[in-house]
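Take a look at the letters that make up each chain.
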Amino acid sequence: MRYRIYGKVSSSTENFVKCVSNQSSSLDTKTSQYVYTPQCPSYSNLLNSSVHNPRWINSVNQRPKFIVAPTNNDQIQAAITCARAHGFGIRVLSGGHDYEGRFYRSKSRFVLIDLVNLNSITINIDDETAWVQAGATVGELYYNIANKSKTHAFPAGLYPSVGVGGQFSGGGIGTLMRKYGLASDNILDAKIMNVEGEVLDRESMGKDLFWAIRGGAGPASASYLRGGSGSSEFLP
Ligand SMILES: Cc1cc2nc3c(=O)[nH]c(=O)nc-3n(C[C@H](O)[C@H](O)[C@H](O)COP(=O)(O)OP(=O)(O)OC[C@H]3O[C@@H](n4cnc5c(N)ncnc54)[C@H](O)[C@@H]3O)c2cc1C
């Protein structure tokens, strides 16, 4: 597949981009549409728009060698496989509100998987559940629920731009907590991708891992794709 590269790039850059292109079965999407090298004009905007604490952008920490902003699971799979093949670490970004900047802070070279394009929300009011992709924000979830029902809500955090990926995997404290618990208490199912690129759901990941991803913070060796939430009835 042909792909566009920007400026003067090293062979390791070319190799990574080629690898992603070969691994991904999304033939209709060019890698230049979702793989960003530091030479790409939009690389800095994409990174800076998510960094809420610029103190970690310094000479000690490396910036991502690549930002991959996938639109489907194949592209995430390709990014994971190629990062491992080329000796890069992997960081995952949902809403970018990590206090410690863990998604853009590393002393060794890494690939950032930015889930900004994976933000779909499907609400089923009849069975009071929702599937939320990890790149959505809690504000988008509340808005989508409110569009479907005036008597339903989901008990997550207060700040609307916090990401579902980081918050649901880390707990999720909000105003409905005393009656309905944390966001993570209301997760019925979840899909994650492990380092082998396999997608696991609640049943296939097993009860220990399902327990760990609901409160143990962003999984270290898995990318949290979608959370299926119980949508609690809201009593004012
Ligand atoms: C202004 C502000 C207000 C806040 N308000 C609340 C609140 O009301 N209630 C509350 O409970 N918390 C609150 N928090 C804390 C917030 O929930 C956590 O910092 C949360 O981890 C941020 O998630 P994120 O997706 O926005 O951040 P990110 O920085 O994108 O992610 C946080 C961590 O999780 C990892 N991660 C994110 N997504 C994934 C994924 N899909 N797969 C694997 N790992 C992933 C990241 O690599 C990073 O290490 C607030 C934080 C801020 C800065």
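As the structure is a computational prediction, the values presented were derived from the model and not from experiment.

A. Representation of the overall build of the chain in the model. Along the backbone of the chain there are eight helices and nine strands. Counting all 236 residues of the chain, 40% fall into the buried class.

B. Structural context of the sheet that holds strand 4 (residues 110–114). Read from one edge to the other, the open sheet built from four strands follows the order 1-2-4-3, with strand pairing classed as mixed. Strand pairing shows two members of the sheet lacking a second neighbour, strand 1 (35–36) and strand 3 (89–93), which therefore form its edges. Taken together, the two bridges between strand 1 and strand 2 (residues 66–68) define a ladder with antiparallel strand orientation. Across the sheet, tyrosine 36 pairs through a bridge with isoleucine 67, a residue of strand 2. Strands strand 2, strand 3 and strand 4 of the sheet are contacted by helix 3 (residues 73–85), whose axis makes an angle of about 170° with strand 4.

C. Representation of the environment of alanine 190 within the structure. Within the element layout of this structure, alanine 190 appears in strand 7 (residues 187–194). Given 27 C-beta atoms within 10 Å, alanine 190 falls into the buried group. Measuring from C-alpha to C-alpha, the distance between alanine 190 and leucine 200 comes to 8.0 Å, with 10 residues separating the pair along the chain.

Criteria and cut-off values
Residues numbered from 1 in each chain as written. Predicted model: local features only at pLDDT ≥ 70, side-chain atom pairs only at ≥ 80, totals over all residues. Helix = DSSP H or I, 4+ residues; strand = E, 2+ residues; numbered from the N terminus. Buried ≥ 20, exposed ≤ 12 C-beta atoms within 10 Å, placed from the backbone. Pairing = 2+ DSSP bridges. Contact = placed C-beta atoms within 7 Å. Axes fitted to C-alpha atoms, helices over the stretch in contact; angles between N-to-C directions.

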